[in-house]
Amino acid sequence: MNNLASLNYFTAEIFLSGFIILLLVMSFLRMDRDNGIGFYYLAGVFGIAVTLILDLAGWGESGDGAILFYGMARNDHLAHLFKFLCVLSSLILMVFSMVSRETNKRFDNPAEYVLLILSSTLGMILMASSSNLLMLYISLELLSLTSYILTGFADREEKTSEAAVKYLLYGGIASGVMLYGFSLLYGVTGTLDYTAMREVLWEHKVSGMVLSISTIMILAGMGFKIAAFPFHAWCPDVYEGAPTPFTAFLSVGSKAAGFVIIVRFFFQIFGAGDGGNFEILGDILDWPMAIAVLSACTMTYGNMAALQQRNIKRLLAYSSIAQAGYVLMAVASRSQPGISSAFFYLCVYFIMNFGAFLAVIIINNELNSEMIEDYEGLVWKSRKGAFLASMLAICLFSLTGVPPFAGFIGKLYLLLSVLAKGSSLYWLAVIAVINTVISFYYYSRILRLMFLSRRLRGADLSKLEKSDYLPYSVMAGLAFLTILLGIYWEPLDGLSRLAATFIK
Amino acid sequence: MEFINSHLLSLITFIPVIGSLFVLAFPRDKANLIRWSALVITIIPLLLALVLYAGFDRSTAGFSHTAGIQFIEKYTWIRDFNMNFFMGVDGLSMPMVLLCALICPICILASWNVERGVKGYFFLFLLLETGMMGAFVALDFFLFFIFWEVMLLPMYFLIGIWGGPRREYAAIKFFIYTLVGSVIILLVIIYFYLASAPHTFDMTELAKNNALFGNRMICWFALFIGFAIKVPIFPFHTWLPDAHVEAPTAISVILAGILLKMGTYGILRINYTMLPDMTAKMATFMAVLGVINIIYGALCAMFQKDLKKLVAYSSISHMGYVILGIASFTDEGLNGGIFQMFNHGVVTAMLFLLVGVIYDRAHHREIDGFGGIAPIVPNYSFLAFLAFFAALGLPGLNSFISEALVLLGAFQKYRILTAVAATGAIITAAYCLWTLQRIFLGKLNENYALLPDITMTEAVTLIPLGVIVVTLGIYPHPVLDLMKPTVSFLNNLIIHMKL
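Residues numbered from 1 in each chain as written. Chains lettered and ligands numbered in written order. Predicted model: local features only at pLDDT ≥ 70, side-chain atom pairs only at ≥ 80, totals over all residues. Heavy atoms only, no water.

Let's talk about the overall build of chain A
Helix and strand counts for chain A stand at 21 helices and four strands. On C-alpha atoms alone, chain A measures out to a radius of gyration of 22 Å, which is about the 23 Å that the 2.2 N^0.38 rule sets for 504 residues. Here the C-alpha coordinates of chain A stretch approximately 70 × 60 × 40 Å along the principal axes. Within the span of chain A, comprising 504 residues, buried residues form 65% of the whole. (Helix = DSSP H or I, 4+ residues; strand = E, 2+ residues; numbered from the N terminus. Rg over C-alpha atoms; globule rule 2.2 N^0.38 Å. Buried < 20%, exposed > 50% of the residue type's maximum accessible area, 1.4 Å probe, protein only.)

Structure, rendered in C-alpha cells:
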C-alpha cells in the first residue's frame, strides 16, 4: 500500500506523535512548573486514552493483514492486540505514577516524565506493527532510549543512577549485537522486509551458517528486551533502581512489545508453510528448539534466583524473568495455538503483575520500605493492611498459577500448546510445572510474613483518606479481573485466537 | 422447590462460597454473628445433602460409564475447549458428599473458640467446603481440578495462621507436597484432553474412549502419585503428621476426615475408569503399598508421645485398609474400601475432636502427662472409649464392618499380604488400648483432679458422630446400599480388563 493510503490506518500513531510535539511545545511555554504536576499527568492520560480509542477504531475498519508504507508495517490483528496491550500498560503506568510517592511529588519536571512515557508508548506501538528490520530497529530504540532515561529519572539515590547506566550499557551492547545480526541477514537475503526475506529464503539457498549466526545475534537483542536468560543481567538491578511504577511498566508493557517482535520476526520470516503446518524454512538452526532451551533456562534461572531475594522489587524482577520463560515456551511450540496462548498469557500477566506491583507501590507509600521482612504481620495491622495483603496474595497466587486465578488458565493454555506439539516438547512442559512449584516457594515467603507471622514489623499504616480511593479501587479491580478470568475467560480466548490469524 | 431439586448439587457446592461473601461483609467485631451465620450456612448443604440422600436411586443397574450417575447438571462453560460445568453423583461420590456435609457444621462448632481473625477463618472455611464438595461431585476433569486446587488455598492459610507452634513449616510443607501432586495430575489432564477425539474433559467420555491414550504406564503412575500424596500412601506421607499436628482441631478433622478421602476417591474415579488395564496390572503393587501403610502407620502411632500425632499416624494406617480393599477387585473389598473411607472420616473426626477437647483444658497433649482421669470426666471418657474402640475395629462399631469386608475381599486375592495386614489390626488394638489405659485408667494424675467434663457445644459435635459409629456398626446398609451398583460396575471394568 502506498504511503498516502497507509496514513488512514495510522491515525493512532499520527495522533500520538502530534500530541507529543504539542506537549513538548507547551512544556517550554509553561513556566510555572510547580503547579503543573496534575496538568501534565492528566494531559498524558488524555493522550494515551485518545490513542487507545483511535487504535480501536482503526482496528474495526482495518483490512486484515494490510501492508502499510510499502511493507514497513503490517496492520493485522496481532499488531492491534499488542498495541492495545502496550497502550493500556502506558495508561496504567500513568495511573501508578500518580499514585506512587516516588513519582508524584518529587519531580520539578513532570512534563518531561510524561513526554518520555508517551514516546515509549509510540515506540511500542510501532514495534507491534513493524515488519521490516529497519522499522523494527528504530521503534525498538525509541522504546529503549526512553526507558534508559525513565529508569534514572527519579534520581533519588545511587542505585537509581547505577541502574540507568547499567541498563544503557547493556542495552547498547544488545542492540549493537542485534544490528550486526540484521546486517548479516541483509547480506545474505538482500532485503530488510520480512515478506521479501521469506520469499528469498523460499526460492534460493542461502548460507545456513550465516543465517544461524545472524538469527542467534538477533535473538540475543530481542532476548535482552524480554529479559530472557542469559540476557537478563540488567533486569534485577534496573527493576530495583527504577521508580516502582516504571518497573511495573518494564516488566509488562516493554516485555509484551519484546514478545511481539520475536513472534513477528520468527513466524513471518521462517515460519512458512500452509494450513498451520509449519516447516522450518531455510537452512538454519532449529530455532524452535533454541527458543525451547532458552525458555527452560529462563524460567529455571528466574525462579532459582528469586528464591533468595529480600527486596520485593528484585524478587518480582526475577519472577518476571521466569514468567518470560513461560511465555517463550509457547513461542517454541511454533504453532497458531502457541501464539494465541502467548498473547493470552501476556494479558493475564498484565493484570496480575500490575496488580502485584500496585500493591507494592501502595505498601511502599505506607511503610516506606521495599524489604520483604517489613511486610511482616501486614494483614493484622489494620483494615487497610488486610486489604492490601489479600490483594497481593491474590496476585501472587495467580503468578504461581493456582486455580481459580487467571494465572492458572494462562499456564494451562501454554501447557496445552506445548503438549499439543507432541512428545518432542514434553520435557519442556515437565520443567514448566516443576518451576511452578519452585515459584510458589518464594511467593509463599511473602505470604508467610504477611499472613502467618504473628509479629508486627515495619511502620504503622495511615488512616484511609480520600486520596486512597483511586489506588485502592484500581487494586480491587485488578484483583477482581484476576479471579474473573480464572473462572470465565471465553471473551479473552476469542481475542487471543485473533492474534494467530496473521499466519495464513 | 423445582429449582432446588434440579440444582441440588450446585446449591450444595456453591452455597458455602456465596455465604462466605456474606461473612466477609459482616463487621469484624461481631464475632458471634459471624460464627452463627457460618453455622447456618454449613447446615443448609447438610439438609440439601439429606434431600439428595433421600432422592438417590439405589437400584440403578446397567453397565455403562454414565449409568448410575444422578442429579446431573451440565452446562456449557468454555465452548472452544469443550469444558462443561458437569456435575453428578453416583455411588462413589454420594457417601463422600454426605460425609462432607456432615463434618462441616461439626467443624464450625468445634471452631467456636477461634478468637483471632474470626472473619477470615470462617471465610476460608466456607471456601474450603465449596472446594471439597465440588471436587466430589464434579464429573468434568477440568472442573474437578479447579475444585481440587480451591481446597488447597484456604487450607494453607487455615493451617498457617491458626495452627500450632510449627504452623508455618507445616503449612508450606502441606502446600508444596500437594502442589507437586496437582501439577502432575494437570499434565495428565491436558494429555488426556489432547489424546481424546473429539477433545474433551468429560470424565465419562474420557473413560469410554480410554483406548486412545498412549504412554499409559507413565500416565497411571503420574495420576497415582498425584493422588497418593493426598491419601497419603507411604512414602508420600511425611507431610501428614506435621499438618495434622499443627492444624487447629477443626482443620485436623477436615484434613483427616475429608481431604484424605480425596486421594482414594481420585484413584477410584480417575485411575480405575480411565486406565483400567493399568490398574489391573498394578493391583498387587497397590495392595503392597496398602499393607505397608497399615503396618507402618500403626507402628508409628504406637511410638508417639503426642496424642494428636498418634491419631494422625493412625489415619495413615486406616487409609491403608482402603487401598488394600480397592486393590483386591472383589465386591467385598471394594465395598469395604469405600465404606472404610466413610467410616474413617467419622471415627477420625471424633478422635481429633476428642484430642481438641482435652488440649483446650490441659494445654498439652502428652499421653503420659495424664492418668486415671476416667472418674473425673466420665462423659468424655465414654466418648473417647467409643471412638478408640471404633478405631481399633471392635465388632458392633462401624469400622469393624468395613475392615472385615476389606480383609475378606483381599484374602481371596492376596493370602499372605492379607495375613500380614491382619497383624496390623493387632498393633492397632495395642496402641489404642495402651493409650486409653495411660490416659484414663490407672493412678490419677493430681494435676487433673478438677478437670471439667465436656461442655454442651462439645457434646453436640461428638454425639452425632458417636451415634453414626454405633448405628452403622449394627446396620451398615444405609451407606453400603448407596455404593453397590457403582462398585460392581467398577469391579467389572477391571475384571474384564484382566481377561
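Some points on the overall build of chain B
Counting secondary structure elements, chain B contains 21 helices and two strands. Compactness check: chain B gives a C-alpha radius of gyration of 22 Å against a globular reference of 23 Å for 499 residues, within 12% of the reference. Referenced to the eigenvectors of the C-alpha coordinate spread, the extents of chain B come out at roughly 70 × 60 × 40 Å. Sequence-distant contacts in chain B: of pairs separated by 6 or more residues, those separated by 24 or more amount to 81%. Per element, the accessible surface of chain B, about 16200 Å² overall, is 69% carbon and sulfur. Within chain B, the 27 negative side-chain charges are centred at a point lying 4 Å from the centre of the 28 positive side-chain charges. (Contact = heavy atoms within 4.5 Å. Areas by Shrake-Rupley, 256 points an atom, 1.4 Å probe, with all protein chains shown as cover. Lys, Arg positive; Asp, Glu negative; His and termini not counted. Charge placed at Lys NZ, Arg CZ, Asp CG, Glu CD.)

Some thoughts on the nonpolar core
Judged by nonpolar contacts, the single largest core of 399 residues is most densely connected at Phe141(B), Phe192(B) and Ile254(B). In terms of residue count, helix H15 (residues 336-367) of chain A provides more of this core than any other element does, 22 residues in total. Those residues in contact with Phe141(B), other than ones at most four positions away along the chain, are Ile189(B), Phe192(B), Phe201(B), Met203(B), Leu206(B), Leu223(B), Ile270(B) and Met274(B). (Core = buried A, V, L, I, M, F, W, Y, C linked by side-chain atoms within 4.5 Å.)

Structural notes on the pairing of strand E1 (residues 70-78) of chain B
Residues and elements named next belong to chain B. Bridge count between E1 and strand E2 (residues 83-89): six bridges; the pairing is antiparallel. The residue of E2 that forms the bridge with lysine 74 is phenylalanine 86. Hairpin remark: E1 followed by E2, antiparallel, with four residues in the connecting loop; positive phi at asparagine 82, about 55°. (Pairing = 2+ DSSP bridges.)

Section: the interface of chain A and chain B
Taken together, the contacts link 37 residues of chain A with 37 residues of chain B. Buried surface at the junction of chain A and chain B, summed over both partners, amounts to about 3500 Å²; 77% is from carbon and sulfur atoms. When the shortest N-O distance is used, the salt bridge between Asp80(B) and Arg497(A) registers 3.7 Å. Our count for the chain A to chain B interface comes out at five residue pairs in polar contact (both at pLDDT 80 or more). If you list the elements that add at least two residues to the side of chain A that touches chain B, you get helix H17 (383-400), helix H18 (406-419), helix H19 (426-452) and helix H21 (490-499) of chain A. For the side of chain A that touches chain B, a count of residues per class yields 28 nonpolar, three polar and six charged. (Buried area = accessible area lost by both parts, 1.4 Å probe. Salt bridge = Lys/Arg side-chain N within 4 Å of Asp/Glu carboxyl O. Polar contact = N/O pair within 3.5 Å; in protein donor to acceptor, adjacent residues only side chain to side chain. Nonpolar A, V, L, I, M, F, W, Y, C, P; charged D, E, K, R; others polar.)

So, the pairing of E2(B)
Here is the key point about a regular strand: its side chains alternate between the two faces of the sheet. The element E2(B) is extensively covered by neighbouring structure, given that seven of its seven residues are classed as buried. Residue alternation in E2(B) divides its side chains into two sets, Met83(B), Phe85(B), Met87(B) and Val89(B) and Asn84(B), Phe86(B) and Gly88(B), and both sets are buried.

Some thoughts on the packing of helix H16 (residues 331-362) of chain B against helix H17 (residues 378-392) of chain B
Residues and elements named next belong to chain B. Put simply, H16 and H17 touch, their axes get as near as 9 Å, and they point 145° apart. Between H16 and H17 lies a crossing of left-handed hand. Along the contact surface, H16 presents Val347, Met350, Leu351, Leu354, Val355, Val357 and Ile358, while H17 presents Tyr380, Leu383, Ala384, Leu386, Ala387, Phe388, Ala390 and Ala391. Among the residues making up the contact of H16 with H17, the classes are represented as 15 nonpolar, no polar and no charged. (Axes fitted to C-alpha atoms, helices over the stretch in contact; angles between N-to-C directions. Left-handed = near helix turned anticlockwise from the far one by under 90°.)

Examining helix H6 (residues 110-129) of chain A
For H6(A), spanning 20 residues, the distance from its first C-alpha to its last is 29 Å, which sits close to the expected 28 Å at 1.5 Å a residue. Here H6(A) lies mainly inside the structure; 19 of its 20 residues are buried. (Expected span 1.5 Å × (residues − 1).)

Quick look at the packing of aromatic side chains
As enumerated under the stated definition, the model contains 68 aromatic pairs over all chains in all. Here Trp234(A) and Tyr239(A) contribute two aromatic rings whose centre-to-centre distance is 6.2 Å and whose plane-to-plane angle is 75°, an arrangement assigned as edge-to-face. By the burial criterion, Trp234(A) is buried, and Tyr239(A) matches it. Above the ring of Phe86(B), the side-chain terminus of Lys74(B) is found at 4.6 Å from the ring centroid. The ring of Trp434(B) has Arg438(B) sitting right over it, with the charged end atom 3.7 Å from the ring centre. (Phe/Tyr/Trp six-rings, centres within 6.5 Å; stacked < 30°, edge-to-face > 60°. Lys NZ or Arg CZ within 6 Å of the ring centre and 35° of its normal.)

A few points about the environment of Glu490(A)
As for its placement among the helices and strands, Glu490(A) is situated in helix H21. Assessed through its relative accessible area of 17%, Glu490(A) is described here as buried. Leaving out residues up to four positions away in the same chain, Glu490(A) has contacts with Trp77(B), Ile78(B), Arg79(B) and Asp80(B).

Some remarks on unusual backbone geometry
Both trends apply: most residues other than glycine have a negative phi, and most peptide bonds are in trans. Across the junction of Ala197(B) and Pro198(B), the peptide omega takes the value -5°, indicating a cis bond. Looking at the element boundaries, Pro198(B) is found in the loop between helix H8 (167-195) and helix H9 (203-208). For the bond running from Val231(B) to Pro232(B), omega is -10°, close enough to zero to count as cis. Mapped onto the elements of the fold, Pro232(B) is located in the loop between helix H10 (216-230) and helix H11 (239-246). Positioned with a positive phi, Tyr70(A) is a non-glycine residue whose angle comes to about 55°. Following the sequence through the fold, Tyr70(A) ends up in the loop between strand E1 (66-68) and strand E2 (73-75). We classify Tyr70(A) as exposed; its relative accessible area is 60%. Phi is positive for Asn215(B), close to 45°, though the residue is something other than glycine. Turning to its location among the elements, Asn215(B) is positioned in the loop between H9 and H10.

Side note on the packing of helix H14 (residues 312-332) of chain A against H18(A)
Residues and elements named next belong to chain A. Remark: H14 packs on H18, axes separated minimally by 8 Å, with the N-to-C direction vectors making an angle of 35°. The interaxial crossing formed by H14 with H18 has left-handed handedness. Contact residues: H14 offers Tyr326, Val327, Met329 and Ala330, while H18 offers Lys411, Leu414, Leu415, Ser417 and Val418.

Section: the environment of Ile149(A)
In this structure, Ile149(A) sits in helix H7 (residues 133-151). Spatially, the C-alpha atom of Ile149(A) lies 32 Å from that of Thr482(A), the residues being 333 residues apart in sequence.

Some details on the confidence of the model for chain A
Within chain A, residue pLDDT values average 86, and 93% of them lie at 70 or more. Ignoring residues within four places in sequence, the model shows residues 273-277 of chain A, a span with pLDDT below 50, making two contacts including any to other chains. (pLDDT = per-residue confidence, 0-100.)

With respect to the side chain of Ser147(A)
Considering the arrangement of structural elements, one finds Ser147(A) in helix H7. Setting aside anything within four residues of it in sequence, one finds Ser147(A) in contact with Tyr167(A), Phe246(A) and Leu250(A).

Here we look at the side chain of Thr482(A)
All names here are of chain A. Structurally, threonine 482 can be placed in helix H20 (residues 469-487). Classification of threonine 482 by relative accessible area gives buried; the value is 1%. Within polar-contact distance, the side chain of threonine 482 engages the backbone oxygen of leucine 478 at 2.7 Å. Setting aside residues no more than four positions away along its own chain, threonine 482 makes contact with Ile351, Met352, Ile394, Ser398, Pro404, Phe405 and Ala406.

Considering the pattern of salt bridges
Here the structure, examined in full by the defined rule, presents 28 salt bridges over all chains. A salt bridge links Lys74(B) to Asp202(B); the nearest nitrogen and oxygen atoms lie 3.2 Å apart. Pair noted here: Lys74(B) is in strand E1 and Asp202(B) is in the loop between H8 and H9, with a separation of 128 residues, a long-range link. Using a relative accessible area of 4% as the deciding quantity, one classes Asp202(B) as buried. Salt bridges linked by common partners bring Lys159(A), Glu162(A), Lys166(A), Asp237(A), Glu240(A), Lys313(A), Arg314(A) and Glu370(A) together as one network.

What to know about the environment of Ile454(B)
Residues and elements named next belong to chain B. Within the secondary structure, isoleucine 454 is located in the loop between helix H19 (415-440) and helix H20 (456-474). On the accessibility criterion, isoleucine 454 (16% relative accessible area) is buried. Residues isoleucine 454 and glycine 88 lie 366 residues apart in sequence; the distance between their C-alpha atoms is 40 Å. Setting aside chain neighbours within four positions, we find isoleucine 454 in contact with Val357, Arg361, Asn379, Tyr380, Leu383 and Ala459.

Here's the deal with a nonpolar patch on the surface
All names here are of chain A. A cluster of nonpolar side chains, contributed by Ile21, Leu24, Val25, Phe28 and Leu29, occupies part of the molecular surface with about 530 Å² of accessible area. Its place among the elements puts isoleucine 21 in helix H2 (residues 11-29). Residue isoleucine 21 is classed as exposed on the basis of its relative accessible area of 52%. (Patch = residues over 30% accessible without salt bridge, like charges linked within 9 Å, V, L, I, M, F, W, Y side chains within 5 Å.)

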